[in-house]
Each structure stands twice: as structure tokens, then as C-alpha cells.
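An overview of the molecular structure
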Amino acid sequence: MQRLPITATIATFIAFVALYLAPGGFFLGPILALALLATYAVDAWLDLKSPLTQIIRFTLFGIVLVPAFGRYTGDNGDPIELILAHAFGELAACELVLQAWLKRPVGGQRGAISVFLASFALMGASNTFDTNYIRFLVPAYMLFLILSLREFRTPQETPPNGFSLPDINLYKPNGRVRSWSWLALFVAVMSGATFHFGVLYYRNQINDIGLKLLGDREPPQTSGISTTPTLGDTFGATGSLTRMLRIENFSGQPYLRAMAFDHYEHGTWGPGVNMRSYLPITRQQVGADAPGHHMTINRLVDDNQLVFTPLNAAGIAAPPHTELEWAPTEGGPLRSIEPVPYPFIYDVILDPNAAHQGPLGSPPTLAQRQKDLEVAKEVDPQVHELARRIGDGLSNPVEQVEAVQEYLMTHHSYSLSTQAGQGDPISNFLLQRKAAHCEYFASAATILLRCLGVPTRYVIGYYVHEMDSPNVAIVRGRDAHAWAESWVDGIGWVTVDATPGGGRPDHTAQPLPFSFKLREHLQDYLALLRDKLTHLTRTQQAIILAICVLILMWRSWQRQGPKTKVSDEAFSYTLSDAELAALAARFEQVLQKQGIPCPPHHTWQEHIQGLAKAAGESQPLNANDLRAFLHSYNQLRFGHHENGITRVKLEDLLMTLEKVAPPPSQYQHAQHQKSPTGKETP
Amino acid sequence: MNTTLTAAPHAALNGSFISTTDKLEQNLSNVIRGKEESIRLLLIALLAGGHTLLEDVPGTGKTTLAKSLARSIAGVFRRIQFTPDLLPADITGSSFYSPQDGSFEFREGPVFANVVLADEINRTSPRTQSALLEVMSENQVTVEGRRRPLPQPFFVVATQNPNEFHGTYPLPEAQLDRFTMRLSLGYPDLEDEIAVVYSQNEHHPFDDLVPVVTCEEVLALQEQVKQVRFDKAIAEYMLRLIEATRHDPRLRLGISPRGSLALYRTAQARARVANRDYVLPEDVRTLAVPVLAHRIILDTKAKYGGLRNEQIIEEALEKIPVPR
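All figures in this text were calculated on a predicted structure; none of them were measured in a lab.

**Details of the overall build of chain A**
- Looking only at helices and strands, one finds 22 helices and 16 strands in chain A.
- Considering chain A as a whole, with its 682 residues, one finds that 49% of them fall into the buried category.
- Long-range pairs, those at least 24 residues apart, make up 77% of the contacts in chain A between residues at least 6 apart in sequence.
- As displayed, chain A offers around 32700 Å² of accessible surface, 60% of which is attributable to carbon and sulfur atoms.

Structure, rendered in C-alpha cells:
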């Protein structure tokens, strides 16, 4: 029936979207501020009561915008600025609430809805802020709540002194309005209480609910790969659609390794990512300044702080102030020492000579070599026999690798699920010729090659295949993969992927729906915009702010301009109530629609009475409705009876009148009759 | 101008207004049949604190109306029959020598009443006319240097016969301005006249009239009228109507600010009678002709061209856009 002003709805919606899409939520404050600013710029309904209010408001928005950007322009954000940005972000949220309330007429559905929405917006806005600020926020919220509730009180029913009530049923608030007022009151108080206790004590739960409602259907992944691969019935890292990496200037090398494992025991590869002895690695050691092709990898999730690289990376250029470490004797991995905020962007340098191998491809030490040849005792002796059969007559490690690869691909089929069975899962897999997933194929290849005396390790990582644009590749959780790496003297480490082609991620991946891609692109553009905005210089910020202020000034000037002009022809509304003017315009349209426009020098009352005399009861508009409308309208317009119930009633009556369809014959007739009077109008 | 509504200390009358005016109207229409419109206008003039000029042919009930009003408000009614030899002192009163105590005693003239009927005001000399008009505008009598206030409410209903010219001194137009309203009763229609005839078969219905309101109540109502909200848009509208007459080339004299004030106050009174605490454009429009028409002076050409004062006001009403 009744709606919130569209701009208020949009502002609220933007607040939600910003909350959802902006990582960290810091950006929410300025977004809210901008949305509000836009509200002012487009909505002629909002009147900025006095110049003082305007000055205060603009000052506040200025304070919100500048430090919020300031936090991003410097490398180390000043905590005071950050606090200010947050505090005033909340202020902007409060302002939104206030505006939503200002915009609703007292009582009625609209009041209830706006209070309801406003509390949600506030809750959403405060969600990302620290608990301390919420303590400041709640009193403000409550204050506005009380201010708004004041409007919901029962209207004064005693008439002004010396008067009796002329038309008692027009003054009396009807049951519907009364019940809506109560509902609004109830909803407002309840949501206030819920807000206070709920947000303070159940913040995390609320965030989770929000993520579940707004975000992906599945909980968000922070890691796509399993760092302690255990051969089970199902693939350890079941693929999700969450984006893990975004690779620019993709080199074409699909195998992006995370880490390698040497030790196999009880169906598990080890040691785990946190069980290794890490050493810091300098920029020189990691080859940060090496010449070659730069491939930029944007790690969008935490992913155990790991740095993903192709095997043949000549060097890694991590962002400044990011210290890397690695476990060189345990097959990597390379990772950042401290948890770094994601998205984490680093460059991988690739030597033009593909055969050249960088720090990751350094030859194994003797101890490492021994580890990479170790076959666990639990492995069935028949597996050794099988290996011998496969490698029969082959002495060249390259030929042995190819033979093992070919054997596994041709004798086993791919399946996402399998049964590990009793005992060693790899022996079972090999000897019973089971169908299994890539972890089994990689493990089996590793064990078989070790049996044949080729130093081999088990590697996990991503298989890159999804191209977003010719140069940009996307890696999702579903692209997790496992393979083996063998050391071949004279060549170096060789990638051994024994998984049959149909089991590789590029074949198992389902094409993504268009809407999914679209949403991702939207997220990317917003992130880009955010990135752009946060890298503005202070001068640019000041210019944007100045433009906003100028637009506002122009709008308010424009709004005042026609008003003074109009008062020469028509009459100014002394209430300065644009809502009444809008109602009047709508009523004129109703008359127009019925073909009975009112000439400007007649009052509506006279016009309607004249028509009633001429047409009798045959006119389509209900005489009682018209009478009631004019009565209520005049009360507000000329009597200045600031009575919310009358206002709601007026709106209802107008809607009833607007629904009346003009009967065509009547229309023609009325039109014909009225046209001479219509012509007289100047 | 007072455009804000302030609470006034009239608790005793709270809520009684509608019945008061309705009672008055009812009472008067028992005597004067079929003239509800004129009765209402007369009441409006009374509540606005103004005076009325009834202009009509003899025998249409002018005197009865004034008498009935006086009796209905339980006030003192006096009638002055204006004749060419009437002197100012005859209406204001004068001092007489009292032989008993050897002093001068002031004897009040007929204007010391609540409702004064100045019958056939155009039959007396301009000197006496002026004396009455002065009393009307000042609500007091000054005799021999002493001011004597008139009883309140003070309401003059003057009548004049527009068709007789023999032996009359027509009121100068400038003096007409002092009357808040000019009304004419006109002949009743057939049905009403039958009722009039039958009702007076045995005795005049006037004899059955009983007072329904006290003078104090009328005064309180007059105070309340001043609290009726007059929206600025309507004031603008009203002044535009009046402005239009001031620039009309067919007029020798437009409407004076006194006319604006009269229209302002009577519009408030009309709102009160309709039991509203705010004025509507309709109030101004309805009252424009009775309150304004007699205040303008047509130029000679227009006058002999057959134009009437009322037409000028009606034209303005059809020309000026109304606030909505």
C-alpha cells in the first residue's frame, strides 16, 4: 500500500550491499555517507531545515570521508583516523535512520516498515564495527527511536477551545491506524532491544547468519587444499566454487604447486604444513629480482599463508614488508611468516628458458634423496613386484616415469569416491585395480617410482585451467589437485601427473552459470572501485567532496527557485509541506482522469458541488469520499491541524479515488461539457 | 495580521459554539421564513463585530429581522425611525436640566442599546447620518465633552429603500464603507410566503420568540472569532481579489483597507459559524459580494452602461486563481 521513499530504500539497500561486498567492512562508512549524499541530491522531499543543520551535516560527512580515505592512502593507518572513520560511519548510519523516520508520516504501515528497516540497516552497519562503538551507537539509536515514537502517540482528540468536533468520525483514528501504530511501537521497541543485546553478545553468530543468508550457500572457504593428505574414501579437498587465486599474465603452466610431501605412512602424507622446520628466506634467495616474465597471482583467501608457484619459477616477488619463509629440506613450502591480509598479491617470475629451474627446483640433498626413495614397510611386496613389471627393461628414469604414468592411466579409472579397504590404501588400489581419485593416482605413482629407484615426492596444488579473459586465469576450490615430482639427473624435477585425463580438474569442472560469473564480476568491479577510491590523493578527495557540496547547493537552490516563482501564479504552501502539494497534485489528476478538471479560479468544494448539481448521482466518484477528502485536506492545508491520523486517512481516501475508473461515455460527456470553462483558464 | 491560533480562556463556552449559532439561526428562521442565507450573513456580521445595511423594498421583513435578532440575544433593542427633521442629539442623547436638584442629567439616546435598528437611514439629513456612523465606528458617544461607552455587543442594522428617491438623502458611498455588509432580503418564494401568511393568522410569530443567547455569550463568540486561523495563502488570495478592484479601469474607487479588514474578520466569523477553526477560500468567496460590493464606486460610463457593483466582484472571483 504505502512505500518508503524510493531513495531511502536504495540507501538502505546500498548499505547492505556495501556491507556484503566490501571485505573488512571499513568502506561502509563512506559508502553510507555517499548514499546519503545521493539521497539529498535526488530527493526533493527532504528538506534541510536550517542552514546550521546543513553546515553540521556537511562537516560530519567531510570528517567521515577524509579519514576513511586517509586510512588507505598511507601504508600505516593512523589509529585515531581509523577510529574517527568508524565513529562517523556510524554517525552516517544514524543519519540514515533519522532520515527514514523523518520521511514517514506518523503512524500507519509506512511508519512501521521504515522503523523496521532502519533498525536492520543500523544493525547491519554496526555489525562490522567494534563493540566499543556500538556502545555509543545504542544511545543514539534509542534517542531516535524515542523521537519517532513520540509521533505515534494518540492524536489529541479534544478540539481547540470553543469548538465542538464537527465531523466526529473524521477525527477519530480508526482501528486499522491504531493497530498499525501499536505494531510500529512494538516492532520499534523490540528491534531496539534485539539490537542492543543481540549485537553486543551474539555478534559472531549474527555475522554467520548474515553470511549464510547473503553469501554463498556453503560456508566460505579459506583454503582449497588439504595440507595433511590422507587417502580416504573421498577426495580430501572437495572442490567448491570459491575463488582461491586470480592469475594475471598467466604463463600457461597449469601445475601450481603448494607443497610437497616426502613421508608416507598409514595412508597419510607428511609432515603436515605446521610440523616442518621453517627458515626465513631473503629476497635474494627467493630470486625476487630475477629477470623474466612476471605472472601476478592474487591470493583471494588465506590458504594457510602458502605462496603458490609453478615448479619452474625463477623467483618470487612478494609485496614489500612481507617476509617469506620456507622449509628447504622438506620440499617447501614457501609461505609468509606472519598471516598477511588477503587479497595477497605477489609476482612469480618465470625464466624465458622453461627448462631452467629456480629455487624450488634445487637438486635434492643426499638425505632428501634418501627420503624420496623410501617405501613404507606396510606397502605390499606385490607392489614392488608390480613396479618391477612396469619398469621391466627400462633403465632411463624418464622412460620409467612415462611407463608408470601410462600404466596408471590405462589400468585404472577415475572416480571421486572409492573404498580404501583394510591395510595400506595404495596397495589395495594398485593390486585390486580400483577406480579412485587423483590423490590415489599421485600416491601410487610416487610409490611405484620409488620402488623403481626414482626419487619422487608427492605434491599438492591447483591445476589451472579456467580462463577468465585471454590473460587472466581463475583458480577455484574445485581445482585442487595432487601429482608427483620425480628427480631426473640432468633434467631436474619433473611433474608426473598420473591421473587419467578425465579425472583432471579441467575435465571434472562443470561450466559455471552466467549469473554466477556476473555476480563475481560485480564484486570485482566494486573491489576495483574501492581500490581506485582508496588510492585517491587528498586533493582529489577534496575535489570530489567539493563537487558533492556544489551539486547539493545547486539542488537546493533549484528547489527554492521555482517555489518563489510559483507563488506568483498559484499559492505558496505556508506549511512548506511538499507532501500536501503532492497530494493536491494527485487529486487534480484524479479530477483530470475523470474528465472533470477544476478551473483554477474555483475551489474544489465549489467545483464538486457544481458537478453534483449538474450530474446528480451519476458521477463516478463517490460523493462521500470526495467530501471526506476535501474536509481532511482543508484541515491540514488551511487549518494546520498537524494530525497524523488525518494524513493517513487522506492518503487512503486519495488511493480509493485514484482507483475509480472513468466510464468512457461519462468521460466524453463531461469533457464536452467542461471544455468551455476549461478554455477560460489562463 | 493574526494568523496564529492561540488558546483562549473561555472554558465556560467550550464546545457550546455550534449549538449557540445553530440556536440563533433556528430562532430567527422561525420568524423570517426562507431567508436562511441572509440570516446567516447577519449572524456573521454580528460575530465579526460589524454593522449591516439592509437594502430592500419595504415589507420584506427588515425590521422584523433586526427585532428578532435583538430579542434572540436577550439584548436591548431600540429603533430609530429616521426622518428629515431628526437631529444628532435625538439619537445620541443629550443633557436635560433637572429642576429638582438644579443639575444637568444625561438622558441616553436610542443608540444605547445592543441592537439598533436605523430604519430608513436615507431619509434623514447627512448631519444625522454622520452622527450615527461615527457612533458605529467608535462604539461610544461623546456628548458635551464626555465619553460614554455604548453597551456591548453593539450592532447596528440600518435599512434603506433603494427605490424611493423622493425626499431621501442617499448615503454617500464613502460612508457606506463603514458598513461591514450590505444585504438584501428580497421577496420570499411562493411556498415561504404562504407559510408567512398562515403563520401570522392568529398572532405574529415574533411574539413567541424567546432569547436563546446572552449578550455575554455573544461577546465571547466575538473573541473566539479572532482566534480562527487565517492561512497566509488565503490572505494572499483575498488581497489579490481586492487588488484587482483597485486597478479596474471601470471603477472610480476600489476597495479600501477597511474593506480588507472587514472581509478578513467576516471570513473568520463564517468559519466559526460553520464550526471550523480555520478559514477556507470558500469563506472569502462567499462573503466577497456582500462585504465588498457596496464599497466600490463605478465610474459614470460603466454605471450607465448597466454594470452593477456585484458584477465587478463576481468577475474578480472568476479571474483570480484559488489556493488549494
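Next comes the rest of the description.
**A short note on the overall build of chain B**
- Within chain B, the regular secondary structure consists of 13 helices and 11 strands.
- Counting across all 324 residues of chain B, residues that qualify as buried make up 54%.
- Once local pairs closer than 6 in sequence are excluded, the contacts in chain B between residues at least 24 apart make up 78%.
- A total of about 14600 Å² of accessible surface is found on chain B, and carbon and sulfur atoms cover 52% of it.

**Considerations on the sheet that holds strand 6 (residues 293–299) of chain A**
Residue and element names in this part refer to chain A.
- With respect to topology, 6 strands assemble into an open sheet ordered 8-11-6-1-14-13, the strand pairing being antiparallel. In this open sheet, the two edge strands, each paired with only one partner strand, are strand 8 (313–317) and strand 13 (466–469). Neighbour to neighbour, the strand axes of the sheet diverge by 30° on average, direction disregarded.
- The pairing of strand 1 (residues 243–248) with strand 6 spans 4 bridges and is antiparallel. The partner of Arg-246 across the bridge, within strand 6, is Asn-298.

**Observations regarding the pairing of strand 5 (residues 115–119) of chain B**
Residue and element names in this part refer to chain B.
- Across the 5 residues that make up strand 5, a large majority, 5, are buried.
- Of the two faces of strand 5, both are covered, the one formed by Val-115, Leu-117 and Asp-119 as well as the one formed by Val-116 and Ala-118.
- Bridge analysis of strand 2 (residues 77–81) against strand 5 gives 5 bridges, and the strand direction is parallel. Each bridged residue has a counterpart across the sheet, and for Arg-78 the counterpart in strand 5 is Val-116.
- Where strand 5 and strand 8 (residues 155–160) come together, 4 bridges link them in parallel fashion. The partner of Val-115 across the bridge, within strand 8, is Phe-155.

**Quick word on the packing of helix 9 (residues 232–246) of chain B against helix 11 (residues 281–292) of chain B**
Residue and element names in this part refer to chain B.
- Look at helix 9 against helix 11: their axes get within 10 Å of each other, and the N-to-C directions meet at 30°. Classified by the interaxial angle, the pair formed by helix 9 and helix 11 is roughly parallel. Every pair of crossing elements has a handedness; the one defined by helix 9 and helix 11 is right-handed. Of helix 11, the residues touching helix 9 (which contributes Ile-234, Tyr-237, Met-238, Leu-241 and Ile-242) are Pro-281, Val-284, Arg-285 and Leu-292.
- Here the contact of helix 9 with helix 11 is built from residues that sort into 8 nonpolar, no polar and 1 charged.

**Some details on the pattern of salt bridges**
- Taken as a whole, this structure holds 28 salt bridges over all chains when the rule is applied.
- Residues Glu485(A) and Arg257(A) are paired through a salt bridge, measuring 2.7 Å at the closest nitrogen-oxygen approach. With Glu485(A) in strand 15 (residues 480–488) and Arg257(A) in strand 2 (residues 255–261), this pair connects stretches of sequence that are 228 residues apart. Each member of the pair, Glu485(A) together with Arg257(A), is buried.
- As a salt-bridge pair, Asp119(B) and Arg79(B) come within 2.7 Å of each other at their nearest N and O atoms.

**Observations concerning the nonpolar core**
- If you look at the biggest cluster of nonpolar residues, it comprises 74 residues, and the most contacted ones within it are Ile247(A) and Leu408(A).
- A total of 9 residues in this core trace back to one element, the largest contributor, which is helix 14 (residues 438–451) of chain A.
- In this structure, Leu408(A) is in contact with Phe429(A), Leu430(A), Phe441(A), Ala444(A), Ala445(A), Leu448(A) and Ala498(A), ignoring residues within four places of it in sequence.
- Membership of the second largest hydrophobic core comes to 71 residues, among which are Leu65(B), Met181(B), Tyr237(B) and Leu263(B).

**Here we look at the confidence of the model for chain A**
Residues and elements named next belong to chain A.
- In the predicted model, chain A carries a mean pLDDT of 68, and 55% of its residues have values of at least 70.
- When mean pLDDT is taken per element in chain A, strand 12 (residues 456–463) scores highest with 89 and helix 7 (residues 168–171) scores lowest with 36.
- pLDDT under 50 marks residues 103–112. Its contacts with residues more than four places away, or in other chains, come to 33 contacts.
- Predicted confidence for residues 213–220 stays below pLDDT 50, and this span has 9 contacts to residues more than four positions away or in other chains.

**Digging into the packing of aromatic side chains**
Residue and element names in this part refer to chain A.
- Under the counting rule described, the total for this entry stands at 15 aromatic pairs over all chains.
- Ring centres 5.0 Å apart and planes at 50° place the aromatic pair Tyr-264 and Trp-269 in the tilted group. One exposure class covers both Tyr-264 and Trp-269, and it is buried.
- Residues Trp-269 and Tyr-458 carry aromatic rings whose centres are separated by 4.7 Å and whose planes lie at 0° to one another, so their mutual orientation is stacked. Pair noted here: Trp-269 is in strand 4 (residues 268–270) and Tyr-458 is in strand 12, with a separation of 189 residues, a long-range link.
- When its relative accessible area of 1% is taken as the criterion, Trp-269 is described as buried.

**A look at helix 3 (residues 62–72) of chain B**
Residues and elements named next belong to chain B.
- For helix 3, a buried count of 8 out of 11 residues is recorded, marking the element as mostly surrounded by other parts of the structure.
- Turning to helix 3, its buried residues number three or more, namely Lys-62, Thr-63, Leu-65, Ala-66, Ser-68, Leu-69, Ala-70 and Ser-72.
- Once helix 3 finishes, Ala-74 follows within two positions and takes phi at roughly 55°, a positive value.

**Some remarks on unusual backbone geometry**
- In this chain, Gln152(B) is followed by Pro153(B) through a cis amide linkage whose omega measures -10°.
- Notably, His266(A) is not glycine yet its phi reads approximately 50°, a positive angle.
- Along the polypeptide, His266(A) turns up in the loop between strand 3 (263–265) and strand 4.
- The exposure class of His266(A) is exposed, given its relative accessible area of 61%.
- At Ala74(B), a residue that is not glycine, the phi angle is positive and equals roughly 55°.
- Following the sequence through the fold, Ala74(B) ends up in the loop between helix 3 and strand 2.

**Section: the pairing of strand 16 (residues 492–496) of chain A**
Residues and elements named next belong to chain A.
- Here 5 bridges tie strand 15 to strand 16, and the two strands are oriented antiparallel to one another. Looking at strand 16, one finds that Ser-486 is bridged to Val-494.
- The turn linking strand 15 back onto strand 16 is made up of 3 residues, and Gly-490 within it adopts a positive phi angle of 90°.

**Things to note about the side chain of Arg276(A)**
Residue and element names in this part refer to chain A.
- Its location among the elements puts Arg-276 in the loop between strand 4 and strand 5 (279–281).
- Since its relative accessible area comes to 7%, Arg-276 is described here as buried.
- There is a polar contact of 2.9 Å between the side chain of Arg-276 and the backbone oxygen of Ala-260.
- Only 2.9 Å separates the side chain of Arg-276 from the backbone oxygen of Pro-271, close enough to count as a polar contact.

**Quick notes on the sheet that holds strand 9 (residues 324–326) of chain A**
Residues and elements named next belong to chain A.
- Taken in spatial order, the 3 strands make up an open sheet running 5-9-10, and their pairing is antiparallel. Bordering the open sheet on either side are strand 5 and strand 10 (334–336), each of which pairs with just one other strand. Mean inter-strand twist for the sheet, computed between neighbouring axes without regard to direction, equals 45°.

**A word on a nonpolar patch on the surface**
Residue and element names in this part refer to chain B.
- There is a patch of nonpolar side chains on the surface, built from Leu-190, Ile-194, Val-197 and Tyr-198 and spanning about 480 Å² of accessible area.
- Along the chain, Leu-190 falls in helix 7 (residues 190–199).
- Here Leu-190 falls in the exposed class, since its relative accessible area comes to 69%.

**Some remarks on the confidence of the model for chain B**
Residue and element names in this part refer to chain B.
- Model confidence for chain B is summarised by a mean pLDDT of 80, while 93% of its residues fall at 70 or above.
- Confidence, expressed as mean pLDDT per element, reaches its minimum in chain B at helix 1 (residues 17–31) with 73 and its maximum at helix 10 (residues 257–273) with 89.
- Long-range and interchain partners of residues 1–18, a stretch whose pLDDT sits below 50, account for 43 contacts in this model, where long-range means more than four residues apart.

**Description of the packing of helix 11 (residues 381–390) of chain A against helix 14 of chain A**
Residue and element names in this part refer to chain A.
- Helix 14 packs onto helix 11 with a crossing angle of 75° between their chain directions and a minimal axis gap of 9 Å. One way to sum up the angle between helix 11 and helix 14 is to call them roughly perpendicular. For the pair helix 11 and helix 14, the contacting residues are Val-383, His-384, Leu-386, Ala-387 and Ile-390 in the first and Ile-447, Leu-448 and Cys-451 in the second.

What counts and how
Residues numbered from 1 in each chain as written. Chains lettered and ligands numbered in written order. Predicted model: local features only at pLDDT ≥ 70, side-chain atom pairs only at ≥ 80, totals over all residues. Heavy atoms only, no water. Helix = DSSP H or I, 4+ residues; strand = E, 2+ residues; numbered from the N terminus. Buried < 20%, exposed > 50% of the residue type's maximum accessible area, 1.4 Å probe, protein only. Contact = heavy atoms within 4.5 Å. Areas by Shrake-Rupley, 256 points an atom, 1.4 Å probe, with all protein chains shown as cover. Pairing = 2+ DSSP bridges. Axes fitted to C-alpha atoms, helices over the stretch in contact; angles between N-to-C directions. Parallel < 35°, antiparallel > 145°, perpendicular 65-115°, else oblique. Left-handed = near helix turned anticlockwise from the far one by under 90°. Nonpolar A, V, L, I, M, F, W, Y, C, P; charged D, E, K, R; others polar. Salt bridge = Lys/Arg side-chain N within 4 Å of Asp/Glu carboxyl O. Core = buried A, V, L, I, M, F, W, Y, C linked by side-chain atoms within 4.5 Å. pLDDT = per-residue confidence, 0-100. Phe/Tyr/Trp six-rings, centres within 6.5 Å; stacked < 30°, edge-to-face > 60°. Polar contact = N/O pair within 3.5 Å; in protein donor to acceptor, adjacent residues only side chain to side chain. Patch = residues over 30% accessible without salt bridge, like charges linked within 9 Å, V, L, I, M, F, W, Y side chains within 5 Å.

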